[in-house]
Amino acid sequence: MANKRDLKKDINYVLGDIIEAVYVWEYANTDADTKKSEAIIDEAIETFDSLIAKVNAKDVENKKAHFKAINQELEEKGRALIEKINKLN
């Protein structure tokens, strides 16, 4: 990970794309119930807030390891949210 700014951009892009995918699904399935899709959006927003708070943490001893762990968590949570989108009916 190059720096804090790039990590913040990655978080924003990944979770923004996930939210956009949910909106596209809702638009394509106007007759479907949106409770599950809204829950995915809420979870993406909570994930965003959590990861940005971790990036902005001041009392970190090993920044490289800390940012790498955040990047790994972003990947895991992003994949989980994408799987939830794919399971929407």
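Right above here is the structure, for reference.
I will try to describe carefully the structure that is included in this document. (Residues numbered from 1 in each chain as written. Predicted model: local features only at pLDDT ≥ 70, side-chain atom pairs only at ≥ 80, totals over all residues. Heavy atoms only, no water.)

Looking at the overall build of the protein
Phase 1 of the analysis: When helices and strands are tallied, the protein shows three helices and zero strands.
Phase 2 of the analysis: Its helices and strands in sequence order give the protein the pattern α-α-α, from N to C terminus.
Phase 3 of the analysis: For the protein, the residues scored as buried account for 29% of the 89 residues in total.
Phase 4 of the analysis: As presented, the protein carries roughly 6,300 Å² of accessible surface, and 50% of it is formed by carbon and sulfur atoms.
Phase 5 of the analysis: Of the charged side chains in the protein, 15 are positive and 18 negative; the average position of the first set lies 8 Å away from that of the second. (Helix = DSSP H or I, 4+ residues; strand = E, 2+ residues; numbered from the N terminus. Buried < 20%, exposed > 50% of the residue type's maximum accessible area, 1.4 Å probe, protein only. Areas by Shrake-Rupley, 256 points an atom, 1.4 Å probe, with all protein chains shown as cover. Lys, Arg positive; Asp, Glu negative; His and termini not counted. Charge placed at Lys NZ, Arg CZ, Asp CG, Glu CD.)

With respect to the nonpolar core
Phase 1 of the analysis: Residues Leu7, Ile11, Leu15, Ile40, Val55, Ile70 and Leu81 are the most contacted members of the largest nonpolar core, which totals 20 residues.
Phase 2 of the analysis: For this core, the secondary structure elements donating two or more residues are helix 1 (4–28), helix 2 (35–55) and helix 3 (63–86). (Core = buried A, V, L, I, M, F, W, Y, C linked by side-chain atoms within 4.5 Å.)

Some details on the side chain of Glu73
Phase 1 of the analysis: You can see Glu73 is positioned in helix 3.
Phase 2 of the analysis: Judged by its relative accessible area of 16%, Glu73 is buried.
Phase 3 of the analysis: In contact with Glu73, not counting residues within four places along its chain, are Leu51 and Lys54. (Contact = heavy atoms within 4.5 Å.)

As for the packing of helix 1 against helix 3
A pair of packed helices is captured by two measures, namely the crossing angle of their axes and the spacing between those axes.
Phase 1 of the analysis: Remark: helix 1 packs on helix 3, axes separated minimally by 10 Å, with the N-to-C direction vectors making an angle of 5°. On the basis of the axis angle, helix 1 is roughly parallel to helix 3. Packed against helix 1, whose contacting residues are Lys4, Leu7, Asp10, Ile11, Val14, Leu15, Ile18, Ala21 and Val22, the element helix 3 presents Phe67, Ile70, Asn71, Leu74, Gly78, Leu81, Ile82 and Ile85 at the interface.
Phase 2 of the analysis: Of the residues in the contact of helix 1 with helix 3, the class split is 13 nonpolar, two polar and two charged. (Axes fitted to C-alpha atoms, helices over the stretch in contact; angles between N-to-C directions. Parallel < 35°, antiparallel > 145°, perpendicular 65-115°, else oblique. Nonpolar A, V, L, I, M, F, W, Y, C, P; charged D, E, K, R; others polar.)

Side note on the pattern of salt bridges
Phase 1 of the analysis: Across all of its chains, the model carries four salt bridges by this definition.
Phase 2 of the analysis: Ionic pairing is found between Lys84 and Glu43, a salt bridge with its closest N-O pair at 2.6 Å. Taken together, the residues Lys84 in helix 3 and Glu43 in helix 2 connect sequence positions 41 residues apart.
Phase 3 of the analysis: Of the charged contacts, one joins Lys54 and Glu73 as a salt bridge, the two residues approaching to 2.7 Å between their closest N and O atoms. Note that Lys54 is positioned in helix 2 and Glu73 in helix 3, a separation of 19 residues in sequence.
Phase 4 of the analysis: The structure contains a network of salt bridges with shared partners spanning Lys54, Glu73 and Lys77. (Salt bridge = Lys/Arg side-chain N within 4 Å of Asp/Glu carboxyl O.)

The quantities given are spatial measurements derived from coordinates; they are silent on function.
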